[in-house]
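# Secondary and tertiary structure notes
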Amino acid sequence: MSPFPGEFSENEGLTRSDLKARKHRRMMRRRRTTAIVVICVLVFGIGGFFGVRAAGGVFDDLFGPKGDYEGAGTSEVSIEIPPGASARSVANQLVKAGVIMNSEPFLDEVERRDVTIQAGPIILREKMSSKAAVEALVNPIKPPKITIAEGRQIKQIKAKMVESGMKAEEVDKAIDDKTPKDYGLDVEAPSLEGYLYPATYNLNQNKTAEDIVSEMVDKTKREIEKADIDLDDANRIMTLASLVEIESPGDEEVRKKVARVFLNRISEESRTGRLLQSDATVAYIHGARSDLTTTKKERESDSPYNTYKKKGLPPGPINSPSSGAVDAALNPTKGDWQFFVATNPDTGETKFAKTFEEHKKNVEIYREWLKQHGEDNGDT
């Protein structure tokens, strides 16, 4: 009786000609293996023969056990399938790892199901039946995961998706020139930037890049609903939250103060001409240095994201903000600060000021920190 209820016998549904063809393929595989061994013995001698055995598992194919384990296996084992590996080399790898008893039943099952084995890490179990092992290759026991960290930009998220095994062109197609509305989130935004929620997502061979992006946007949608954010106001909140995410450390109170500074700067009481003057938005245009400082030339850009020239918030988020940053954007601390600077990036110490004169003194403290760490470029 099959250890997997509901599964078909490996011969069920096959015609007589199919069975004959399968028997012929098995016979030919064994003949090729025998021929290889004979040639190796003749050409290389016994030493060469056992070298071949170690490299390719040929000896095991001929003289190893011919049975098959039963059931789904025992202890989990991590396997790394190399790129370009053939089904036979994978079979030999699994035999040596103790996953399957021998290669032939495994190869028959791969052939029967017409499975393409993907390269990369996978969790299997020791002493699995060939059917269970192939099933685990198709539907992993523990699906691989992709983790999107808080504050990541689309370009970083795309790179992470490609690194996880997705094709670059499929990732581009799923993200480029798309907006939240393309994935069912009715928010006016210029792109998906800020709407690919930072979290961990399961991957498997059946999920496409578009599926993963859809999950990210769905997660953002649920978080927006959970926070009771009106969809008409969602892009403003997400944009402000993305600035808070990158411009301040994770301290809750500091983030809420930073959110208030930004809101004060674009209010009627603004002392900056309603300009945010956020280096983070300029860095978003040109690419960021580690300390997020910008040059005078970079701050002259005509990009709508240049908050040194364009009043108010930028058109959309500049990264995927965390729930903490969103909370800060929704619940800023009351106060009339107009300026802030992280005077010690190592500790996250941030000083707030109501006047520009007070702010300049704080900036000098920051510049001193830069000099001590060899990072002052003279144009901050």
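Report on the accompanying structure.

What counts, and at which threshold
- Residues numbered from 1 in each chain as written.
- Predicted model: local features only at pLDDT ≥ 70, side-chain atom pairs only at ≥ 80, totals over all residues.
- Heavy atoms only, no water.
- Helix = DSSP H or I, 4+ residues; strand = E, 2+ residues; numbered from the N terminus.
- Buried < 20%, exposed > 50% of the residue type's maximum accessible area, 1.4 Å probe, protein only.
- Contact = heavy atoms within 4.5 Å.
- Areas by Shrake-Rupley, 256 points an atom, 1.4 Å probe, with all protein chains shown as cover.
- Salt bridge = Lys/Arg side-chain N within 4 Å of Asp/Glu carboxyl O.
- Phe/Tyr/Trp six-rings, centres within 6.5 Å; stacked < 30°, edge-to-face > 60°.
- Lys NZ or Arg CZ within 6 Å of the ring centre and 35° of its normal.
- Core = buried A, V, L, I, M, F, W, Y, C linked by side-chain atoms within 4.5 Å.
- Domains from an automatic or database assignment.
- Axes fitted to C-alpha atoms, helices over the stretch in contact; angles between N-to-C directions.
- Parallel < 35°, antiparallel > 145°, perpendicular 65-115°, else oblique.
- Left-handed = near helix turned anticlockwise from the far one by under 90°.
- Nonpolar A, V, L, I, M, F, W, Y, C, P; charged D, E, K, R; others polar.

## A few points about the overall build of the protein chain
Counting its secondary structure elements, the protein chain contains 13 helices and six strands. When the 380 residues of the protein chain are sorted by exposure, 42% land in the buried category. Relative to all contacts within the protein chain whose residues are 6 or more apart in sequence, the contacts with residues 24 or more apart total 62%. Counting only carbon and sulfur atoms, one obtains 50% of the accessible surface of the protein chain, whose full area is about 20,300 Å².

## Some remarks on the pattern of salt bridges
Note that side chains of opposite charge can pair when their charged atoms are close. Considering all chains together, one arrives at 18 salt bridges under this definition. E245 serves as the salt-bridge partner of R255, at 3.1 Å between the closest nitrogen and oxygen. In this pair, R255 sits in helix α10 (residues 252-265) while E245 sits in helix α9 (residues 231-247), placing the two residues ten residues apart along the sequence. Among the ionic pairs, K354 bridges to D336, the shortest N-O distance being 3.7 Å. Here the residue K354 occupies a position in the loop between β6 (349-353) and α13 (356-372), and D336 occupies one in the loop between α12 (323-330) and β5 (339-344), the gap between them amounting to 18 residues. With a relative accessible area of 40%, K354 lands in the partly exposed category. Judged by relative accessible area, which is 41%, D336 ranks as partly exposed. Via salt bridges that share partners, K158, D172 and D176 belong to a single interconnected network.

## Examining the packing of aromatic side chains
Evaluated as defined, the whole model comprises five aromatic pairs. Among the aromatic side chains, those forming a connected cluster through ring pairs are F262, W337, F340 and F352. Looking at R299, its charged tip hangs above the ring of Y308, at a distance of 5.5 Å from the centre.

## Describing the nonpolar core
Of all hydrophobic cores here, the largest spans 51 residues; its most connected members are M161, I175, L192, L196, V213 and M216. Residue assignment for this core shows that the elements contributing at least two residues are α6 (154-163), α7 (168-175), α8 (209-226), α9, α10 and α12. When residues in this core are grouped by element, the largest group, seven residues, is from α9. Lining this core are residues from two domains, each supplying at least three of them: domain 2 (145-227) and domain 3 (231-373). For V213, the contacting residues outside a window of four places in its chain are M161, A174, I175, Y183, L192 and L196. Grouped together as the second largest cluster of nonpolar side chains are 22 residues, I79, V99, L107 and V138 included.

## Quick word on the environment of P121
By the element assignment, P121 lies in strand β2 (residues 120-125). In this structure P121 comes out as exposed when scored by relative accessible area, which is 61%. Spatially, the C-alpha atoms of P121 and S78 are 7.0 Å apart, while their sequence positions differ by 43 residues. Beyond its immediate chain neighbours, meaning those up to four positions away, P121 contacts I79 and E80.

## Description of unusual backbone geometry
In the Ramachandran plot, D177 falls in the positive-phi region, its phi being about 60 degrees despite a non-glycine side chain. With respect to the helices and strands, the residue D177 is situated in the loop between α7 and β4 (200-202). Although it is not a glycine, Q277 adopts a positive phi angle of roughly 55 degrees.

## Comments concerning the packing of α9 against α10
It is at 9 Å that the axes of α9 and α10 come closest, and there the two elements cross at 125 degrees. When the axis of α9 is compared with that of α10, the two are oblique. The hand of the α9/α10 crossing is right-handed. Residue-level inspection shows R236, L240, L243, V244, E245 and E247 of α9 in contact with α10, the latter providing R255, V258, A259, F262 and L263. A class-by-class count of the residues in the contact of α9 with α10 yields seven nonpolar, no polar and four charged.

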